[in-house]
Amino acid sequence: NSEIQQIQISAEFTAQNQQEAAYVLACIYFFRAATKMFFGGGNYAGNPPPMVFLSGYGQPYFWDIPCVITNFTHTMPADVDYINIPLNYYESRLPTTSTIAVTLQPIYSRRLTTEFDLQKFSQGELIVKGFL
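These figures come from a predicted structure and were not determined experimentally.

Trainee: Help me understand the layout of surface pockets, please; the structure alone is not making it clear to me.
Mentor: One way to see where empty space is left: roll a probe the size of a water molecule over the atoms. Here the second largest pocket defines a volume of roughly 210 Å³. In this structure, the second largest pocket is lined by 14 residues; those nearest its centre are Ile-9, Phe-31, Leu-54, Val-102 and Leu-104. Listing elements by their share of the lining of the second largest pocket, those giving two or more residues are β1 (7–14), α1 (18–34), β2 (52–56), β3 (62–74) and β6 (97–106). Its residues placed into classes, the lining of the second largest pocket shows 13 nonpolar, one polar and no charged.

Trainee: Looking at this structure, I do not really get a nonpolar patch on the surface. What am I missing?
Mentor: Where nonpolar side chains cluster on the molecular surface, the patch consists of Met-51, Phe-53 and Ile-107 and spans about 290 Å² of accessible area. The residue Phe-53 is located in strand β2 in this model. By relative accessible area, Phe-53 is classed as exposed at 54%.

Trainee: I tried to follow the side chain of Ser-98 on my own but got confused; where do I start?
Mentor: Assignment of secondary structure puts Ser-98 in strand β6. Under the relative-accessibility criterion, Ser-98 is labelled buried at 3%. At 2.9 Å, the side chain of Ser-98 and the side chain of His-74 are in polar contact. Those residues in contact with Ser-98, other than ones at most four positions away along the chain, are Ala-11, Glu-12, Phe-13, His-74, Thr-75 and Pro-77.

Thresholds, definitions, all that
Residues numbered from 1 in each chain as written. Predicted model: local features only at pLDDT ≥ 70, side-chain atom pairs only at ≥ 80, totals over all residues. Heavy atoms only, no water. 1 Å grid on protein atoms, 1.4 Å probe; cavity = no way out; pocket = protein on both sides within 12 Å on 5 of 7 lines; lining within 4 Å. Points joined across faces, edges and corners; volume = space filled by probe spheres on them. Helix = DSSP H or I, 4+ residues; strand = E, 2+ residues; numbered from the N terminus. Nonpolar A, V, L, I, M, F, W, Y, C, P; charged D, E, K, R; others polar. Patch = residues over 30% accessible without salt bridge, like charges linked within 9 Å, V, L, I, M, F, W, Y side chains within 5 Å. Areas by Shrake-Rupley, 256 points an atom, 1.4 Å probe, with all protein chains shown as cover. Salt bridge = Lys/Arg side-chain N within 4 Å of Asp/Glu carboxyl O. Buried < 20%, exposed > 50% of the residue type's maximum accessible area, 1.4 Å probe, protein only. Polar contact = N/O pair within 3.5 Å; in protein donor to acceptor, adjacent residues only side chain to side chain. Contact = heavy atoms within 4.5 Å.

Right under this line is the structure:
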């Protein structure tokens, strides 16, 4: 009767020049897109949000964990400078320092979870299968 817990990640982003600010803006749009279901007139209408794979800190920690992004936030603090970003026919502004937070829900297949063995897990044998 265990449940798979959500993974929460937050990171500080800085934008000290227009190139860095454009990168932060691209991250924001990626997370906006990745948290939405497919709807409207596209070929994938009705499908859930796309699956992403989390990897970080090396194979024994987070290794290709299949997830769905369930929440995303971006802070817009008032006490920092903002930088202008010229983009084609329009302009945007972003804070020079901000925080992006993401909540991920790991998604494991039933078949894969039936292969879980606590003894193998405790000995590190299931790392390559993506079990935490």
